[in-house]
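Coordinates in review
Here's the letter readout for the chains.
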Amino acid sequence: MSELLDRVARAREGALGRVGEATSTDELRLVETEVLGKRADLIELRKSVGALGPDERRRVGQALNEARAEVEGALAARRSDLAAEDRRRRLEAERLDLSEVVPSRRLGHLHLVSQAWEQLEDVFVGMGFTVSEGPEVETEWFNFEALNFAEGHPARDSFDTLWVDWGEPGQTLLRTHTSPVQIRAMLATEPPLYTICPGRVFRQDTPDATHMPVFHQIEGLVVDRGITFGDLAGTLEAFTKAYFGGEFTSRLRPSYFPFTEPSAEFDVLRPDGSWLELGGCGMVHPNVLRSGGVDPEEWSGFAFGFGLDRFALMRHRVDDLREFFAGDLRFLTQF
Ligand code: PHE
């Protein structure tokens, strides 16, 4: 009798142990047949009960019933734990992992010059400017003539033009600056005009640490009533603070460009006391306004043109411009 009770106790222990070991709902289903199915110890033991006297039959029967109820309870509890676990695992596996873009972004990013291009656009758009575009292959008229470079003007030579062998000789070129877009913008839109034009420009130059035959500029043009040199200086100072930060200031130095009068060079003073030359600017020459179909008696304006690559060089403390365009991934992926 006590031997039978021991067997019930052992069968109960064994069954509870198997239930605890199951690690998935599928496995638990198999365990259930194993511990409560027809061939299970706890079930087989019932057969022995019939041969016992009434007292013992009651006690063993009760022990079996209790064991069975306990195992059923354990099965139910384990089933609900495993179901929750399955669900958690499925959600985990099926989760839309939006951070998945992170590793692929590490494999590629915008070129440093494109980043500077976009940042500059953002700052000027934030100041109310629109973004204009113009072609890289230009006519002599847009690149020079309309910008008040007289025929044979020595300033033309300083641009080291790359000519394109197309149409009349000397009429087609790769734009040497983004300034022709000033004319295109004026011809396309009635003033008032507040626009910038970032773009690629070309000059016959031998590559060195600060020059490339293909480089980038960002042009700015404002045409409105009563625009003064003070507006130019104020706009460039506001730009300096917005782009570089409050610790930077700007200065203007007298200069010369055929398309602006007066003209200036624009420099930024860095917190370490050094000056960075960024480009030229000035009040739009009346002849240039006229080329753009704008009446200089009614309207005035200013323009500026910065070397865009310099912004990227400075931002990333790179000292050789050639690195940007060598296409060496070991260099580019550092940033
Ligand atoms: N286009 C001039 C250059 O390439 C820069 C400039 C633009 C100067 C606009 C004045 C006004 O050097």
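Scope of this entry: the structure provided in the associated data block. Everything quoted here is computed from the prediction, not taken from an experiment.

1. Considering the site of the ligand
Near the ligand you find 15 residues, and of these His 177, Ser 179, Arg 203, Gln 217 and Gly 305 are the closest. A distance of 2.9 Å separates a nitrogen atom of the ligand from a polar side-chain atom of His 177. Interatomic distance of 3.0 Å between a side-chain N/O atom of Arg 203 and an oxygen atom of the ligand. When the ligand sits alone it has 330 Å² of accessible area, and the protein chains cover 93% of it.

2. A look at helix H12 (residues 308-315)
In terms of burial, H12 is a largely internal element, six of the eight residues being buried. All of the buried residues in H12 are Leu 308, Asp 309, Phe 311, Ala 312, Leu 313 and Met 314. The first or second residue beyond H12 is Arg 317, which carries a positive phi of 50°.

3. Focus: the sheet that holds strand E3 (residues 162-163)
Backbone hydrogen bonds are what pair the strands of a sheet, in a parallel or an antiparallel way. With antiparallel pairing, the three strands of this open sheet are ordered in space as E2-E4-E3. Single-partner strands in this sheet number two, and they are strand E2 (137-139) and E3. As defined by bridge partners, E3 adjoins strand E4 (residues 172-174) across two bridges and the pair is classed as antiparallel. Counted as the bridge partner of Trp 163 is Leu 173 from E4.

4. Points about the layout of surface pockets
The space that makes up the largest pocket amounts to roughly 880 Å³. Lining the largest pocket are 39 residues, with Arg 203, Phe 215, Gln 217, Gly 279 and Gly 307 positioned closest to its centre. Those elements that provide at least two residues to the lining of the largest pocket are strand E6 (214-224), strand E7 (249-257), strand E8 (260-269), strand E9 (275-284), strand E10 (300-307) and H12. Counting residues per element, the lining of the largest pocket draws most heavily on E9, which supplies six residues. Its residues placed into classes, the lining of the largest pocket shows 18 nonpolar, 13 polar and eight charged. Space inside the second largest pocket adds up to approximately 260 Å³. Mapped onto the lining of the second largest pocket, the elements with two or more residues apiece are helix H10 (229-244) and H12.

What counts as what
Sequence order sets the numbering: in each chain, residues are counted from 1 along the sequence as written. Under the rules for a predicted model, residues below a pLDDT of 70 receive no local features and side-chain atom pairs below 80 are neither given nor counted, while totals for whole chains, interfaces and linings still include all residues. The side-chain numbers reported here are obtained from all heavy atoms of the structure, hydrogens and water having been left aside. Whether a residue is near a molecule or strand is decided by its heavy atoms; if any one of them lies within 4 Å of it, the residue is near. Here a polar contact means two N or O atoms within 3.5 Å. Within protein one must be a hydrogen donor candidate and the other an acceptor candidate, and residues neighboring in sequence count only if both atoms are side-chain atoms. A 1.4 Å probe and the Shrake-Rupley method give the accessible areas. Residues count as covered only by the protein chains that appear here. Buried, partly exposed and exposed residues are distinguished by accessible area as a fraction of the type maximum, computed with a 1.4 Å probe on protein chains only: under 20%, between the cut-offs, and over 50%, respectively. Counting from the N terminus, the helices are DSSP H or I runs at least four residues long and the strands are E runs at least two residues long. Only strands joined by at least two bridges in the DSSP assignment are considered to pair. Cavity: a set of points on a 1 Å grid over the protein atoms alone where a 1.4 Å probe fits but cannot get out. Pocket: an open set with protein on both sides within 12 Å along at least five of seven lines, its lining residues, like those of a cavity, having an atom within 4 Å of a point. Grid points are joined across faces, edges and corners, and a volume is the space filled by probe spheres set on the points. Each residue gets one of three labels, nonpolar for Ala, Val, Leu, Ile, Met, Phe, Trp, Tyr, Cys and Pro, charged for Asp, Glu, Lys and Arg, and polar for the others, Gly among them.

Shape descriptors only; they carry no functional weight alone.
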